[in-house]
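Below are the chains, spelled out letter by letter.
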Protein chains: 2
Amino acid sequence: MPHPPTHATVGKHAAGRVGDVRRQNLALVLGGIHRNGGVTRARLAADIGLTKASVSSLVADLLGAGLVREDSIARDGERGRPGTGLVLNPARGALAAEISVDHLAVGVLDLAGDLLFQESVERRNRGSAPADLLPLLVEMTGRAAIAAAASGVELLGGELTVPGLVDAERNMVLAAPNLGWTGVDLSTELPGLLPGAPFGVSLSNEANSAALAELWHGHGATFSDFLYVSGEVGVGGGLVIDSRLYAGPQGHAGEIGHMVVHPDGPRCACGGRGCLEAFAGQDAIYSAAGIEQEGRRMERLLERLADGDEGAVSAVERAGQYLGIAVASTARVANISAVVLGGHFAALEDWIAPALCRSLERYAPGLIPAGNVAFSGLGQTAALVGAAATTVRRILGRPYELIS
Amino acid sequence: MPHPPTHATVGKHAAGRVGDVRRQNLALVLGGIHRNGGVTRARLAADIGLTKASVSSLVADLLGAGLVREDSIARDGERGRPGTGLVLNPARGALAAEISVDHLAVGVLDLAGDLLFQESVERRNRGSAPADLLPLLVEMTGRAAIAAAASGVELLGGELTVPGLVDAERNMVLAAPNLGWTGVDLSTELPGLLPGAPFGVSLSNEANSAALAELWHGHGATFSDFLYVSGEVGVGGGLVIDSRLYAGPQGHAGEIGHMVVHPDGPRCACGGRGCLEAFAGQDAIYSAAGIEQEGRRMERLLERLADGDEGAVSAVERAGQYLGIAVASTARVANISAVVLGGHFAALEDWIAPALCRSLERYAPGLIPAGNVAFSGLGQTAALVGAAATTVRRILGRPYELIS
């Protein structure tokens, strides 16, 4: 006997219900409310070029789907008639989960993009099998969903972001060398991170997620074209071109951590040799600075830098020099003239910035002016925010999935 | 007194004459004839989704503009009624001119893409001022236009391609280090290369032109995503993504010759250091092989390679190794999994291919399989063909410029 349609299966079944034109118009109206919170139906109609009656009908569907809420009375301009303002419903949100080499994290963003809840647990995940990690993550996403529900927020979908190359369509982690994962299929596990969510749970690359967070919530306001460099145990990156993430043919562009910066460099976990990560990844910097034991390594590095410890200073300067080589080469081949540095590079800004700028001037003079070298202000939550924000955009782009 | 509109000024004036929808339909019909030479009006109407009457009217305009010609009787399928086939008019063509470090060249392509005429003159252009070169090039393009006219071919537009970064909109060569040019404005000189041509003469980068030739007339048939590497005195490149040239925000993407392949490498004409060009450019290879005097240097290098001369072999292998580093890094950051090598790299295929493949395997194992390393068969005319073919596409995309 076929099951009756449930919330979780709306996506597939809805495909036939709402016509193409109405689907498009629903997304247009919702996009208008997203860009311009508090907008009236009359203003939406004028902006989009639909009749007021059409907009009212579309808004009724969006209200019914719980994506939109009526807000205070708004006035369109000084002499316009007052109307009811419309905002994205703050009682709907998206989940993000992150597996990093040294932590697990979950977060909740509401539709307006505000971070409502966040939890991060330090854990050495190198060599942990997916079967070890996923149950821990399910506990955390469960707590996040309970916390969201307690604040009256329903989670409509989510994204898991990982430090590796992914095939998002097949829910596969193709290669995450710093976890030791190759060809891991998460099709079965992903939905379990947020059971019953109408928009499901998708998979993304951590550096791309952080680059999107930077685009939507950070230096994307200043630069429309930039390389984002994610500094974690691994070094990743994302190319933003014309204010969009340029993912490349298979979605793997921006992998700056495995650009070759020295022909005689050491072997890398990726199988290559002389990769940037071997000089500028966290472990490489700690080792070069002589900070070998685990625990509070970044704090200890920062203390030594503040004390002017020569080993620490030269380790960070070396990272900055090689980072400059990879950024210069990226600028040449991808025609990028700005760079935003996140993760540990942002934490080390005071020490790494001068070395990076010297290196850029040495290897590609004039290509990336010092004013176009920026450091992320998003901190540890960048990838988490980017993953949740991607989910929010997925929801806002397909409101018809919730409308029968 | 305003001048009456002339052929040369049609572009600007036509803008107001033909409506937007008709413009689009003219290009659609012309595109259909381009893709499917010999097609009938009835088939075009069916393919494009316009009425036969509309197509007939659009075709009449294209015939009037001289872009299309009626060909032999064609039959649409076995039982279709016979109709007159339509082809691009072979009596219309495009000009290309090329300034290289060691030669000047001109060529003529007809609208169907066949190379009708070509002339190349060896000349050491390093340090030659634009004022020295342009008059020589004007003589050559004049001869090309006369040769085209003698075969009954009218040239509608052209492109000058140069070994440097260009701003095509402003007709500026921003930097061509191997010519010694910086910030050269060619706005006044470009039209003189083909006076009165309705589509004028535009400016392009040599490596991008060669990449486009490879896309349209070479390995583009096999690979939809590849890095094209142009080996001349300078080393340039073009990124093809999804069967289109990816030019980057300012149109300068693909500049692989100035990617940094050794942190302690020599200074480069670009102002940087350790660039690929310093290891894999023609001069770098000749010097490393001990072939110092001018004249027939490639022939002598090939002779020595054939003789198994150790210096020659190791010079080419070194070039292959560093080429592999830059290609591996490009593959990482731009998510490319195929490479096509042109210019001197193609001439040196037998000696450089093994070194290049070993290097790719060493620095990025598995990323670019040996089967995805290809060598161009287009020879010396690649950039010329690409520049003329770009002009042909410019013409085919804007037929309304010729229709009042």
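Cut-offs applied
Residues numbered from 1 in each chain as written. Chains lettered and ligands numbered in written order. Predicted model: local features only at pLDDT ≥ 70, side-chain atom pairs only at ≥ 80, totals over all residues. Heavy atoms only, no water. Helix = DSSP H or I, 4+ residues; strand = E, 2+ residues; numbered from the N terminus. Buried < 20%, exposed > 50% of the residue type's maximum accessible area, 1.4 Å probe, protein only. Contact = heavy atoms within 4.5 Å. Areas by Shrake-Rupley, 256 points an atom, 1.4 Å probe, with all protein chains shown as cover. Lys, Arg positive; Asp, Glu negative; His and termini not counted. Charge placed at Lys NZ, Arg CZ, Asp CG, Glu CD. Buried area = accessible area lost by both parts, 1.4 Å probe. Salt bridge = Lys/Arg side-chain N within 4 Å of Asp/Glu carboxyl O. Polar contact = N/O pair within 3.5 Å; in protein donor to acceptor, adjacent residues only side chain to side chain. Nonpolar A, V, L, I, M, F, W, Y, C, P; charged D, E, K, R; others polar. Arc of directions from axis to C-beta. pLDDT = per-residue confidence, 0-100. Least-squares fit on C-alpha atoms with pLDDT ≥ 70 in both. Pairing = 2+ DSSP bridges. Axes fitted to C-alpha atoms, helices over the stretch in contact; angles between N-to-C directions. 1 Å grid on protein atoms, 1.4 Å probe; cavity = no way out; pocket = protein on both sides within 12 Å on 5 of 7 lines; lining within 4 Å. Points joined across faces, edges and corners; volume = space filled by probe spheres on them. Phe/Tyr/Trp six-rings, centres within 6.5 Å; stacked < 30°, edge-to-face > 60°. Lys NZ or Arg CZ within 6 Å of the ring centre and 35° of its normal. Core = buried A, V, L, I, M, F, W, Y, C linked by side-chain atoms within 4.5 Å.

Draft legend 1. Seen up close, the overall build of chain A. Looking only at helices and strands, one finds 13 helices and 15 strands in chain A. Taken over the C-alpha atoms alone, chain A extends approximately 70 × 55 × 40 Å along its principal axes. Counting across all 404 residues of chain A, residues that qualify as buried make up 55%. Taking contacts inside chain A between residues at least 6 apart in sequence as the whole, the part at least 24 apart equals 64%. Roughly 16500 Å² of accessible area belongs to chain A as shown, and the carbon and sulfur atoms make up 50% of that amount. Averaging the positions of the 32 positive and the 42 negative side-chain charges in chain A gives two centres separated by 7 Å.

Draft legend 2. Fine view of unusual backbone geometry. All names here are of chain B. With a phi angle near 55 degrees, Asp242 is a residue other than glycine that sits in the positive phi range. Within the secondary structure, Asp242 sits in the loop between strand S12 (235-241) and strand S13 (244-246). Not every positive phi belongs to a glycine, and Ser243 is a case in point at roughly 60 degrees. With respect to the secondary-structure elements, Ser243 resides in the loop between S12 and S13.

Draft legend 3. Structural context of the interface of chain A and chain B. If you look at the interface, chain A gives 38 residues, while chain B gives 37 residues. Both faces considered, chain A and chain B share a buried interface measuring about 3200 Å² in area, 57% of it formed by carbon and sulfur atoms. It is A:Arg332, A:Val333 and A:Asn335 in chain A that bury the most area against chain B; as a group they hold 23% of the surface buried on that side. Along the contact surface separating chain A from chain B lie zero salt bridges. The interface formed by chain A and chain B includes 14 residue pairs in polar contact (both at pLDDT 80 or more). Among the secondary structure elements, those contributing two or more residues to the side of chain A that touches chain B are strand S12 (235-241), helix H10 (310-334) and helix H12 (349-363) of chain A. Ranked by residue count, the leading element in the side of chain A that touches chain B is H10(A), at eight residues. Partitioning the side of chain A that touches chain B into residue classes produces 18 nonpolar, 14 polar and six charged.

Draft legend 4. Here's a closer look at helix H3 (residues 41-48) of chain B. Residue and element names in this part refer to chain B. Every buried residue of H3 is listed here: Arg41, Leu44 and Ala45. One face of H3 carries all of its buried residues, which in axial projection span an arc of 100 degrees. Exposed residues lying more than 90 degrees from the buried face of H3 are Ala46 and Asp47. One or two residues past the end of H3 sits Gly49, with phi positive at roughly 85 degrees.

Draft legend 5. Local environment of the confidence of the model for chain A. Residue and element names in this part refer to chain A. The share of residues in chain A with pLDDT of 70 or more is 94%, and the mean pLDDT across the chain is 91. Here helix H1 (residues 10-14) stands out as the element of chain A with the lowest mean pLDDT, 41, in contrast to strand S15 (residues 373-375), whose mean of 98 is the highest. Predicted confidence for residues 1-16 stays below pLDDT 50, and this span has 14 contacts to residues more than four positions away or in other chains. Both confidence scores are given for the complex: pTM 0.88, ipTM 0.87.

Draft legend 6. Representation of the side chain of B:Asn335. Mapped onto the secondary structure, B:Asn335 falls in the loop between helix H10 (310-334) and strand S14 (339-343). Polar side-chain contacts of B:Asn335 include one of 2.5 Å to the backbone nitrogen of A:Gln250. Leave out the neighbours within four places in its chain, and B:Asn335 touches A:Ala247, A:Gly248, A:Pro249, A:Gln250, A:Gly251, A:His252, A:Ala253 and B:Thr330.

Draft legend 7. Focus on the relation of the copies chain A and chain B. For the match of chain A to chain B, the screw axis carries a shift of 0.1 Å, the RMSD comes to 0.1 Å, and the turn is 180 degrees. The transformation just described matches what one would write down for a two-fold rotation axis. Across chain A, the rotation axis passes nearest the C-alpha of A:His262, at a separation of 2.9 Å. Of the interface residues in chain A, 97% have counterparts in chain B that sit at the interface too, so the contact is made through matching surfaces.

Draft legend 8. Quick look at the sheet that holds strand S9 (residues 181-185) of chain B. All names here are of chain B. A sheet is described by the order of its strands in space; here three strands give the open sequence S7-S8-S9, paired in antiparallel fashion. In this open sheet, the two edge strands, each paired with only one partner strand, are strand S7 (165-167) and S9. Going across the sheet, the axis of each strand differs from the next one's by a mean of 10 degrees, ignoring polarity.

Draft legend 9. Just empty space enclosed by the protein, in detail. All names here are of chain B. Inspection of every chain in the model, using the stated rule, returns four cavities of 30 Å³ or more. Of the pockets and cavities examined, the largest cavity occupies roughly 80 Å³. As for the largest cavity, its lining consists of Glu98, Glu206, Ala210, Tyr228, Ser230, Glu232, Gly343, Gly379, Gln380, Ala382 and Ala383. Of all the elements in the fold, those that place two or more residues in the lining of the largest cavity are helix H6 (206-217), strand S11 (226-231) and helix H13 (382-397).

Draft legend 10. Local environment of the packing of aromatic side chains. All names here are of chain A. With the rule as written, the count across this model stands at three aromatic pairs over all chains. With 4.1 Å between their ring centres and 25 degrees between their planes, Phe279 and Tyr322 make a pair best called stacked. Here Phe279, found in helix H7 (residues 277-280), pairs with Tyr322, found in helix H10; they are 43 residues apart in sequence, far enough to count as distant. Here Phe279 and Tyr322 have matching classes, each one buried. Directly above the ring of Trp216 sits Arg393, whose terminal nitrogen or CZ lies 4.0 Å from the centroid.

Draft legend 11. Quick look at the nonpolar core. Residues A:Leu301 and B:Leu301 are the most contacted members of the largest nonpolar core, which totals 96 residues. The contact partners of A:Leu301, leaving out residues within four places of it in the chain, are A:Ile285, A:Tyr286, A:Ala289, A:Ile291, A:Ala312, A:Val316 and A:Leu348.

Draft legend 12. Quick peek at the pattern of salt bridges. Considering all chains together, one arrives at 24 salt bridges over all chains under this definition. One salt bridge connects B:Arg41 with B:Glu70, and the closest N-O pair in it is separated by 2.7 Å. Here the residue B:Arg41 occupies a position in helix H3, and B:Glu70 occupies one in strand S1 (residues 68-75), the gap between them amounting to 29 residues. Given a relative accessible area of 40%, B:Glu70 falls into the partly exposed group. It is possible to trace a salt-bridge network through shared partners that takes in A:Arg126, A:Asp283 and A:Arg297.

Draft legend 13. How the structure looks around the pairing of strand S10 (residues 201-205) of chain A. Residue and element names in this part refer to chain A. Within S10, five of the five residues are buried, leaving the element largely enclosed by the surrounding structure. Side chains of S10 alternate between two faces, with Val201, Leu203 and Asn205 and Ser202 and Ser204 buried alike. Where strand S6 (residues 154-162) lies against S10, five bridges are found, and the strand directions are parallel. Its bridge partner lying in S10, Leu160 is registered against Leu203.

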